[in-house]
Amino acid sequence: MSDRKPRAPKPAPPVSSTSSRDSSRLTRGDYPAIRPRRNRKANWARRMVAENVITPADLIWPIFVLEGVAKREPVASMPGVERLSIDQAVESAREAAQLGIPALALFPYTDPELRTDDGREAFNPENLVCRATRAIKQTGLDIGVVLDVALDPYTSHGHDGLLIGDEIANDETIAALVRQSLVQAEAGADVLAPSDMMDGRIGAIRTALESAGYHNTQIMSYAAKYASAFYGPFRDAVGSSGFLKGDKRTYQMDPANTDEAIREVALDIAEGADMVMVKPGMPYLDIVRRVSETFKVPTFAYQVSGEYAMIVRAAQAGCFDCDKAMMEALMAFKRAGASGILTYFAPRAARLLNQD
Ligand code: PBG
């Protein structure tokens, strides 16, 4: 290539005490002795030096559940994603296990009549996600069930917490989330994923789980969750978009902040979270990197509904190949230090990975 001209010789760099493997110190004109393209010359060579790999075990598959039997209902804003009745969700669990996907995250499409001010359907032991969890756990498959802890699929105002006056009341919400957590643990949820962003909820949930004997229920906290436009299609999928009054900016984080994410994650770990999550994913890879480097705890990224929809729709419009864009985006999470990714692409990506 014409832009790879030998550079003029420069004075030798000063001898430094840092490792000679520190490639950022290669400042001299080392070409043609050094040709980075040699390591890219063939597929096998690229695979041999790849710094990151992605496997189906890195993927958590979010699934939307609805009432009924043998029902599959397309989510208009998320081409390729469907709401599934419990029997169909069980089929997806079998498929996931076969593909090597370690866990599913279940979200309910709650009947509008069951949505109330206080979101009490959240702690009905017979609610949709509890029944779906039991059905999946009864199969005995080697697969984990992750359940969101938050009130938004159950409230008539679409907020994750209790609305008192015009405020999302933190401490009253925690009491409700604790009830929801216990009901979900009782139903057999393996991982509770509080996605509500109330202060102090991880500690309260952990204490309640311990005193009720659920010592092994994991908590994956949505620790750094931003107030994001990218959740739009999800709210359509769970049917809460028509209900949501206002926005979630008094509890979800300001996209302007990064130190605040570190503080939120530190708190959730101190309060008893086993794993943490950053959400959304691709626009927040800097946060994934900072969190994974700072804390060295399992750090997950959520490639949210809007990110999924962007990729699928851009591919449909002929902008690029869907599979290629999908794999590149998923690899970006691994490169940023994520232990795993919650993604609606999970089965599609796992199928592709298993072909290789
Ligand atoms: C609800 C919740 C949301 C998502 C996961 N849990 C939406 C929100 O906070 O409004 C978003 C997931 C996605 O967009 O894919 N607490």
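This one's a predicted model, so the numbers in the text were calculated from it and none came from an experiment.

On to the confidence of the model for the chain, then. Low pLDDT marks stretches whose predicted atomic positions should not be read closely. The share of residues in the chain with pLDDT of 70 or more is 92%, and the mean pLDDT across the chain is 93. Across residues 1–5 the pLDDT falls below 50, and counting only partners more than four positions away or on other chains, this stretch makes six contacts in the model. For residues 15–20, every residue scores under 50 in pLDDT, and the model assigns this stretch two contacts once sequence neighbours within four places are set aside.

Moving on to the nonpolar core. In terms of nonpolar packing, the biggest core is built from 106 residues, with Phe64, Leu104, Leu106 and Leu330 touching the most fellow members. Ranked by residue count, the leading element in this core is helix α10 (residues 322–335), at eight residues.

One full turn of an α-helix is made of 3.6 residues, so residues set three or four places apart face in the same direction. For helix α2 (residues 86–99), with 14 residues, the first-to-last C-alpha span of 20 Å sits near the 20 Å given by 1.5 Å per residue. Listing the buried residues of α2 in full gives Ile86, Gln88, Ala89, Val90, Ser92, Ala93, Ala96 and Leu99. On its buried face, α2 sits against β1 (59–65), β2 (72–74), β3 (82–84), β4 (103–108), α3 (128–138) and α11 (346–355). Immediately beyond the C-terminal end of α2, within one or two residues, lies Gly100, with a positive phi of roughly 90°.

Moving on to α11. Among all positions in α11, only Ala346, Pro347, Ala349, Ala350 and Leu353 are buried. End-on view of α11: buried residues confined to an arc of 160°, all on one side of the axis. On its buried face, α11 is in contact with β1, α2, α10 and β12 (340–343).

We now examine the packing of α2 against α3. Between α2 and α3, the least distance of the axes is 9 Å, while the angle of their chain directions is 45°. With respect to α3, the axis of α2 lies oblique. Relative to α3, the crossing made by α2 is right-handed. Contact residues: Ile86, Ala89, Val90 and Ala93 in α2; Leu128, Arg131, Ala132, Ala135 and Ile136 in α3. By residue class, the composition of the contact of α2 with α3 is eight nonpolar, no polar and one charged.

Backbone torsion omega between Tyr31 and Pro32 reads 10°, so that peptide bond is classified as cis. Its place among the elements puts Pro32 in the segment before α1 (43–49). Not every positive phi belongs to a glycine, and Met197 is a case in point at roughly 65°. Relative to the assigned elements, Met197 resides in the loop between β8 (191–194) and α5 (201–211). Not every positive phi belongs to a glycine, and Lys296 is a case in point at roughly 55°. For Lys296, the location among the structural elements is in the loop between α8 (285–295) and β11 (299–303).

With that out of the way, let us pick up the site of the ligand. In the neighbourhood of the ligand, 19 residues make up the surrounding shell, with Lys225, Arg235, Lys279, Ser305 and Tyr344 lying closest. Contact between the ligand and Ser195: a nitrogen atom at 2.8 Å from a side-chain N or O atom of the residue. Between Tyr344 and the ligand, the recorded distance is 2.6 Å, taken from a side-chain N or O atom to an oxygen atom. At the level of secondary structure, the elements contributing two or more residues to the shell around the ligand comprise β9 (218–225) and α6 (232–237). Residues belonging to the shell around the ligand are distributed by class as follows: nine nonpolar, three polar and seven charged.

Attention now goes to the packing of aromatic side chains. All chains considered together, the criterion is met by nine aromatic pairs. Residues Tyr308 and Phe345 carry aromatic rings whose centres are separated by 4.6 Å and whose planes lie at 50° to one another, so their mutual orientation is tilted. Note that Tyr308 is positioned in helix α9 (residues 305–316) and Phe345 in the loop between β12 and α11, a separation of 37 residues in sequence. Of the two residues examined, Tyr308 and Phe345, each falls in the buried class. Among the aromatic residues, ring-to-ring pairing joins Phe64, Phe107, Tyr222, Phe234, Tyr302, Tyr308, Tyr344 and Phe345 into one connected group. Across the ring face of Tyr231, the terminal group of Lys279 is positioned such that the distance to the ring centre comes to 4.5 Å. Between the NZ or CZ atom of Lys279 and the centre of the ring of Tyr302, over which it lies, the distance is 4.9 Å.

Reading guide: rules and limits
Residues numbered from 1 in each chain as written. Predicted model: local features only at pLDDT ≥ 70, side-chain atom pairs only at ≥ 80, totals over all residues. Heavy atoms only, no water. pLDDT = per-residue confidence, 0-100. Contact = heavy atoms within 4.5 Å. Core = buried A, V, L, I, M, F, W, Y, C linked by side-chain atoms within 4.5 Å. Buried < 20%, exposed > 50% of the residue type's maximum accessible area, 1.4 Å probe, protein only. Helix = DSSP H or I, 4+ residues; strand = E, 2+ residues; numbered from the N terminus. Expected span 1.5 Å × (residues − 1). Arc of directions from axis to C-beta. Axes fitted to C-alpha atoms, helices over the stretch in contact; angles between N-to-C directions. Parallel < 35°, antiparallel > 145°, perpendicular 65-115°, else oblique. Left-handed = near helix turned anticlockwise from the far one by under 90°. Nonpolar A, V, L, I, M, F, W, Y, C, P; charged D, E, K, R; others polar. Near = heavy atom within 4 Å. Polar contact = N/O pair within 3.5 Å; in protein donor to acceptor, adjacent residues only side chain to side chain. Phe/Tyr/Trp six-rings, centres within 6.5 Å; stacked < 30°, edge-to-face > 60°. Lys NZ or Arg CZ within 6 Å of the ring centre and 35° of its normal.

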